[in-house]
Amino acid sequence: MAPESSALPALQLNANASSDRTVYDLLMANRLSCVLTVAVQMRVFDAMQTKGPMTRAALVAHAGVTLRGAHAMLIALYAAQLLVLDPSGASDPQHADARFMPSPTAATYLVESSPAYLGYLVEMDGDDFLTPEKLRHALTSAKPTVYGATDPWAEQGKDPVKAERFTRGMRSISTEPARALAEHVLMKGPDAPTAVLDVAGGSGVHVGALLSAHSDRTATILELQSTLETTTAYLASLPEAVRRRVSYRPGDMFTDSWPTADPNSGRAFDAILLSQILHDWAPRECGLLIKKAFETLPAGGRVLVYEKLVDDDCRGPLMTAMVNLDMLMWTEGQQFTPSLLRDLLQAGGFTDVATHSTTGYWSVTVARKP
Ligand SMILES: C[S@@+](CC[C@H](N)C(=O)[O-])C[C@H]1O[C@@H](n2cnc3c(N)ncnc32)[C@H](O)[C@@H]1O
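Thresholds, definitions, all that
- Residues numbered from 1 in each chain as written.
- Predicted model: local features only at pLDDT ≥ 70, side-chain atom pairs only at ≥ 80, totals over all residues.
- Heavy atoms only, no water.
- UniProt positions renumbered as here; feature names shortened; annotations may be inferred.
- Helix = DSSP H or I, 4+ residues; strand = E, 2+ residues; numbered from the N terminus.
- Contact = heavy atoms within 4.5 Å.
- Polar contact = N/O pair within 3.5 Å; in protein donor to acceptor, adjacent residues only side chain to side chain.
- 1 Å grid on protein atoms, 1.4 Å probe; cavity = no way out; pocket = protein on both sides within 12 Å on 5 of 7 lines; lining within 4 Å.
- Points joined across faces, edges and corners; volume = space filled by probe spheres on them.
- Nonpolar A, V, L, I, M, F, W, Y, C, P; charged D, E, K, R; others polar.
- Pairing = 2+ DSSP bridges.
- Axes fitted to C-alpha atoms, helices over the stretch in contact; angles between N-to-C directions.
- Parallel < 35°, antiparallel > 145°, perpendicular 65-115°, else oblique.
- Left-handed = near helix turned anticlockwise from the far one by under 90°.
- Near = heavy atom within 4 Å.
- Areas by Shrake-Rupley, 256 points an atom, 1.4 Å probe, with all protein chains shown as cover.
- Buried < 20%, exposed > 50% of the residue type's maximum accessible area, 1.4 Å probe, protein only.

- In the annotation of an unreviewed UniProt entry, the entry for the protein reads S-adenosyl-L-methionine-dependent methyltransferase, and the organism field reads Caulochytrium protostelioides.

Have a look at this one:
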């Protein structure tokens, strides 16, 4: 099998380059995500993993594409290092007998049976692909535009299919960072949180990871009832020893009161998790959430804000800066920088604010109630 290069294809950003390559790379990034999305929709990686390496004729039979289409798709995915050549076929990727299979990256993140599967996110994004037209609309609108003129959370409350699709997408995004946070040094040792309130906990993937990694912890998920249907279904797949330490609190995090103690253990919450919540909201709503977190926690309790941050100088990471455009379309919020987050937490009375990276683009910002 041809090895996957350690230098993965990346946008070569160099503002001082005298070639046109930077602009080409940026423009073609759209083609890359387009072919990735369609491959996930057509279950190409799954089919190669389960049925074995595929020639272009096999892809025609699997996906109902033309021979020319199969060739273009395979070459694009191969150049993107999502496919590698299987040694049982031709060594020339242009040859009709070339047999393609998922690269290690694709096998980990794009095959549905993998625990780190990101395909639900790819599918969700594919349904609401950020086109220039949609971006223009979002840029000129004061409110989220993803579902037209309606509030996204209200829309998902009315439409279980949308709620389920979104929550599944969030689960894809959060699986790897949830595992990394659960295993982070902050979650270990005598000072680690024992009872966690996961505010707007989505699919429950954070609580699942935390309680699976630490048998002495309990957690409560505060979520909208419409989302909790998916949350409970997902957590039902976890072992009983984990499930019995999870509590659910249906409610609106803005208008309903937050519980102060875990119903299972009776312990006062010593940590509140806000994972990808503050980035959904305008500064006023963020201030309200921080105030509620502060009022809920006992002295010494901590708030954990889990986000993909943009650097203070806004020069990167490029991916996170681009996610800001998704926030524009989907929410009323933004990707935070460390200093914006620190100011927000300090304005709410929290002290000892510190940001720790966990995995990939992710970091957790921890602050303590004095
Ligand atoms: C971006 S997702 C984050 C989910 C999860 N914390 C994670 O990191 O995977 C935002 C979540 O906020 C929830 N949400 C939105 N408005 C809410 C409200 N008013 N009260 C409670 N939850 C809310 C949504 O249902 C959704 O699950």
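## Focus on the UniProt feature "domain: O-methyltransferase dimerisation" (unreviewed entry) in the protein
And then number 1: UniProt's feature table lists "domain: O-methyltransferase dimerisation" (unreviewed entry) at residues 26-111, given in the numbering used throughout.
And then number 2: With 59% helix and 7% strand, the stretch residues 26-111 has end C-alpha atoms that lie 27 Å from each other.

## Considering the environment of R368
And then number 1: With respect to the element layout, R368 can be found in strand β9 (residues 362-368).
And then number 2: Considered as a pair, R368 and G301 are 67 residues apart in the sequence and their alpha carbons are 5.8 Å apart.
And then number 3: Sequence-distant contacts of R368, defined by excluding residues within four places in its chain, comprise D191, G300, G301, R302, F350, T351 and D352.
And then number 4: In terms of polar contacts, R368 uses its side chain to reach the backbone carbonyl oxygen of G300, at 2.9 Å.

## Brief notes about the layout of surface pockets
Here the idea is plain: a probe the size of a water molecule rolls over the atoms and shows the empty space left.
And then number 1: Estimates place the volume of the second largest pocket at around 310 Å³.
And then number 2: P115, A116, T175, V205 and Y234 are the residues nearest the centre of the second largest pocket, which is lined by 18 residues in total.
And then number 3: Breaking the lining of the second largest pocket down by element, the ones donating at least two residues are α9 (160-182) and α10 (205-213).
And then number 4: No other element matches α9, which puts six residues into the lining of the second largest pocket.
And then number 5: Grouping the constituent residues of the lining of the second largest pocket by class yields eight nonpolar, five polar and five charged.

## Section: the UniProt feature "domain: O-methyltransferase C-terminal" (unreviewed entry) in the protein
And then number 1: Here the UniProt-annotated "domain: O-methyltransferase C-terminal" (unreviewed entry) positions come out as residues 145-350.
And then number 2: A distance of 34 Å separates the end C-alpha atoms of residues 145-350, which is 44% helix and 14% strand.

## Focus on the sheet that holds strand β4 (residues 218-223)
And then number 1: In space, the seven strands of this open sheet follow the order β5-β4-β3-β6-β7-β9-β8, with mixed pairing throughout. Each edge of the open sheet carries a strand with a single partner, namely β5 (246-250) and β8 (351-357). This sheet shows a mean twist of 20° between the axes of neighbouring strands, independent of strand direction.
And then number 2: With five bridges connecting them, β8 and β9 associate as antiparallel partners. By the bridge assignment, H356 is partnered in β9 with V364.

## Here's the deal with the packing of helix α1 (residues 21-41) against helix α6 (residues 119-127)
And then number 1: Interhelical geometry of α1 versus α6 gives an angle of 115° and a closest axis separation of 9 Å. In terms of orientation, α1 lies roughly perpendicular with respect to α6. Crossing of α1 over α6 shows left-handed handedness. Taking contact as the criterion, the partners of L36, T37, V40 and Q41 in α1 are, on α6, G119, V122, E123, G126 and D127.
And then number 2: Here the contact of α1 with α6 is composed, by residue class, of three nonpolar, four polar and two charged.

## Quick word on the site of the ligand
And then number 1: Around the ligand lies a shell of 20 residues, among which S174, A200, E223, T227 and S275 are the nearest.
And then number 2: At 2.9 Å, a backbone N or O of A200 approaches a nitrogen atom of the ligand.
And then number 3: Relative to its unbound accessible surface of 600 Å², the ligand loses 97% to contact with the protein.
And then number 4: The leading source of residues in the shell around the ligand is α9, at three residues.
And then number 5: Class assignment for the residues of the shell around the ligand results in nine nonpolar, eight polar and three charged.

## Thoughts on the environment of E332
And then number 1: Tracing the backbone shows E332 in the loop between α14 (318-330) and α15 (338-347).
And then number 2: Separated by twelve residues in sequence, E332 and T320 place their C-alpha atoms 16 Å apart.
And then number 3: Filtering out sequence-adjacent residues up to four positions away, E332 remains in contact with K143, P144, D280, W281, A282 and M327.

## A word on α6
And then number 1: Within the span of α6, buried status applies to G119, Y120, V122, E123, M124 and G126.
And then number 2: Looking at the buried side of α6, the elements it contacts are α1, α5 (104-109), α9 and α14.

## Concerning the environment of L77
And then number 1: As for its position among the elements, L77 is in helix α4 (residues 67-79).
And then number 2: A relative accessible area of 0% means that L77 is categorised as buried.
And then number 3: Sequence separation between L77 and F100 is 23 residues, and the spatial gap between their C-alpha atoms is 9.6 Å.
And then number 4: Setting aside its immediate chain neighbours within four residues, L77 contacts V35, L36, A39, F45, L82 and L83.

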